Amino acid sequence: MPLNRRRFLGTALTASVPLLIASPLWARDHDIWSALDTYAAMTANTARLVDVRRPDEWRDTGVAEDAWPLDMTDPRFGERLFAARELADGRPVALICRTGRRSGLIMDQLRQGQVPGFVDVAGGMLGSLTAAGWIDSDLPIVSSDSALSVLPSLLA
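Okay, so let's go over this structure. Quick caveat, the model's predicted, so the values are computed rather than measured.

The subject of this paragraph is the sheet that holds strand β1 (residues 32-33). The strand order β1-β6-β5-β2-β4 describes an open sheet built from five strands, whose pairing is parallel. Lying at the two open borders of the sheet, with one neighbouring strand each, are β1 and β4 (68-69). Where β1 meets strand β6 (residues 118-121), two bridges bridge the pair, whose relative direction is parallel. Note that in β6 the partner of Trp 33 across the bridge is Val 121. Together, β1, β5 (93-96) and β6 form the strand contacts of helix α6 (residues 101-112), whose direction differs from that of β6 by roughly 155°.

This is the structure:
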């Protein structure tokens, strides 16, 4: 197919979308990302990912590759979540759960407290009625044991 102006612009814009999402300026103004956007930002090393589900859920489905699993039912969850933000060193920390509901509730609390530095992954790991999830987007996952074995000591 010959390359015309419309096709060139469409190709150029499509190719730049992951770069826009991975930029800190874009991230500052958008606190809900798709699984694909989150993966693009992680690949560009401009975001970190925290899986807030329970350990039994991590075992059932695995954990997104390079995510830090932090059980939101753990009494030290808040402390560990803010430690994750410190370890992210200014990069946004994306929160993922099963379908986006629990991470959305956490985000609501963070917004109310005007706490910056966090984003929500719409659709979570399994997807929802409104958003594709990490797994159905065919993004890489690892076993829960593998994810926990590389968890920074500050988060353990």
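Here the narrative resumes, following the displayed structure.
It is worth spelling out the pattern of salt bridges at this point. Two side chains with opposite charge may pair up if their charged atoms get near one another. Following the criterion strictly, the structure yields eight salt bridges and no others. The closest approach of N and O atoms between Asp 51 and Arg 53, which form a salt bridge, is 2.8 Å. Comparing Asp 51 with Arg 53 shows no difference in burial state: the two are buried.

What follows deals with unusual backbone geometry. Positioned with a positive phi, Asp 89 is a non-glycine residue whose angle comes to about 55°. With respect to the element layout, Asp 89 can be found in the loop between α5 (77-87) and β5. Phi is positive for Asp 138, which is not a glycine, with a value near 60°. Note on placement: Asp 138 falls in the loop between β6 and β7 (141-142).

All right, on to the packing of aromatic side chains then. Per the stated rule, a full pass over the model turns up two aromatic pairs. Between Tyr 39 and Trp 134, the ring centres sit 5.9 Å apart and the planes meet at 80°, which makes this aromatic pair edge-to-face. One end of the pair, Tyr 39, is in helix α3 (residues 35-43); the other, Trp 134, is in the loop between β6 and β7, and 95 residues separate them in sequence. Looking at Tyr 39, the relative accessible area reads 31%, which means it is partly exposed. Its relative accessible area of 0% is what places Trp 134 among the buried residues. Between Phe 82 and Phe 118, the aromatic rings sit 6.0 Å apart at their centres with planes inclined by 90°, giving edge-to-face as the arrangement. Here Phe 118 lies in strand β6 and Phe 82 lies in helix α5, a separation of 36 residues in the sequence.

Cut-offs used in this document
- Residues numbered from 1 in each chain as written.
- Predicted model: local features only at pLDDT ≥ 70, side-chain atom pairs only at ≥ 80, totals over all residues.
- Heavy atoms only, no water.
- Pairing = 2+ DSSP bridges.
- Helix = DSSP H or I, 4+ residues; strand = E, 2+ residues; numbered from the N terminus.
- Contact = heavy atoms within 4.5 Å.
- Axes fitted to C-alpha atoms, helices over the stretch in contact; angles between N-to-C directions.
- Salt bridge = Lys/Arg side-chain N within 4 Å of Asp/Glu carboxyl O.
- Buried < 20%, exposed > 50% of the residue type's maximum accessible area, 1.4 Å probe, protein only.
- Phe/Tyr/Trp six-rings, centres within 6.5 Å; stacked < 30°, edge-to-face > 60°.

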